[in-house]
Amino acid sequence: SIGSYIAFNEAGNRIFFPDRLDAYAEGITLYYRDLNKPKEEAVKIDSDVFQYAINGDGTKIVYTKGSDGILYISDLEEKEKIASGVQSFYVSDDLSKIGYLNDENSFYIWYADKDSVKLASDISSIRDVAPDLSMIYYMKDGNLYKRSESGDDSEKIASDVSSVVKIYDSGEIYYIKTDSAEKNLMDYVDDDMASTDAS
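In short, a report on the structure.

Parameters at a glance
Residues numbered from 1 in each chain as written. Predicted model: local features only at pLDDT ≥ 70, side-chain atom pairs only at ≥ 80, totals over all residues. Heavy atoms only, no water. Helix = DSSP H or I, 4+ residues; strand = E, 2+ residues; numbered from the N terminus. Rg over C-alpha atoms; globule rule 2.2 N^0.38 Å. Contact = heavy atoms within 4.5 Å. Areas by Shrake-Rupley, 256 points an atom, 1.4 Å probe, with all protein chains shown as cover. Pairing = 2+ DSSP bridges. Axes fitted to C-alpha atoms, helices over the stretch in contact; angles between N-to-C directions. Salt bridge = Lys/Arg side-chain N within 4 Å of Asp/Glu carboxyl O. Buried < 20%, exposed > 50% of the residue type's maximum accessible area, 1.4 Å probe, protein only.

### Describing the overall build of the chain
So, step 1. The number of helices and strands found in the chain is one helix and 17 strands.
So, step 2. Over its C-alpha trace the chain gives a radius of gyration of 24 Å, far above what one expects of a compact globule, namely 16 Å for 199 residues.
So, step 3. Across its three principal axes, the chain shows a C-alpha extent of roughly 95 × 40 × 30 Å.
So, step 4. Counted over contacts in the chain with a minimum sequence separation of 6, partners at least 24 positions apart contribute 22%.
So, step 5. About 12500 Å² of surface is accessible on the chain, with carbon and sulfur atoms providing 43% of the total.

Structural data, given as structure tokens:
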């Protein structure tokens, strides 16, 4: 499972990696190394890292730290706190936008050049997020919604949805709806004494 914590920049000359995996530790201690300078020591980014993402050239990183789910963005020298209580996050390729779901089940988008925006609240689960964070799909009270980054309100797609199978970039969505039907309990009973009782 250590492979899931290793990442390379697009040029392949910078690697991000943990020193070790410890089942009893809160997250990993994360480092990076310039592969063109093998004699230099690896540089520590932070400890107790749970999830992280890097930009294409490997000069910026976004990560969550500790059991409090503190979300940071860093240029590998200085870090900036974005939010706390973060359950999961999504990023644009250049890390100029970061979408995150917090422990109050609200989804926000953080921007590098302006204030964060709250897109939805009381979310049960995030079903899909566009790569550029322009659209999110989420479940709330058994209903499936979508919300545009630039829109004012969420749009309800369907109610009584039990699961989402696939959401395509074209806008097609496949999902399974729940349905209920009433049945008599006697329909499940085999009355093997019916003829005897009748006589």
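### Some words on the sheet that holds strand β9 (residues 97-102)
So, step 1. Pairing within the open sheet is antiparallel, and its four strands lie in the order β8-β9-β10-β11. With partners counted over all chains shown, the strands left at the sheet margins are β8 (86-91) and β11 (117-120), one partner each. Neighbouring strand axes in the sheet, compared pairwise and without regard to direction, differ in orientation by 25° on average.
So, step 2. The pairing of β9 with strand β10 (residues 107-111) spans five bridges and is antiparallel. Bridge pairing in β10 links glycine 99 to isoleucine 109.

### Notes on the pattern of salt bridges
So, step 1. As enumerated under the stated definition, the model contains five salt bridges in all.
So, step 2. Here aspartate 46 makes a salt bridge to lysine 79, at a shortest N to O gap of 2.9 Å. Of this pair, aspartate 46 sits in strand β4 (residues 43-54) while lysine 79 is found in strand β7 (residues 79-83), placing the two residues 33 residues apart along the sequence.
So, step 3. Residue lysine 79 is classed as partly exposed on the basis of its relative accessible area, which comes to 43%.
So, step 4. A salt bridge links lysine 97 to glutamate 149; the shortest N-O distance between them is 3.0 Å. Pair noted here: lysine 97 is in strand β9 and glutamate 149 is in the loop between β14 (143-148) and β15 (155-158), with a separation of 52 residues, a long-range link.
So, step 5. Here the residues in one salt-bridge network are Asp46, Lys65 and Lys79, joined through shared partners.

### Structural notes on the pairing of strand β5 (residues 61-65)
So, step 1. Of all five residues in β5, five are buried, a share of seventy percent or more.
So, step 2. A two-sided burial pattern is seen for β5, the buried positions comprising Ile61, Tyr63 and Lys65 on one face and Val62 and Thr64 on the other.
So, step 3. Across five bridges, β4 lies against β5 in antiparallel orientation. Along β5, the bridge assignment pairs alanine 53 with valine 62.
So, step 4. Hairpin connection between β4 and β5: a loop of six residues separates the two successive antiparallel strands, and glycine 58 in this loop has a positive phi of roughly 70°.
So, step 5. Counted between consecutive antiparallel strands, the loop separating β5 from strand β6 (residues 70-74) contains four residues, among which glycine 66 sits at a positive phi close to 70°.

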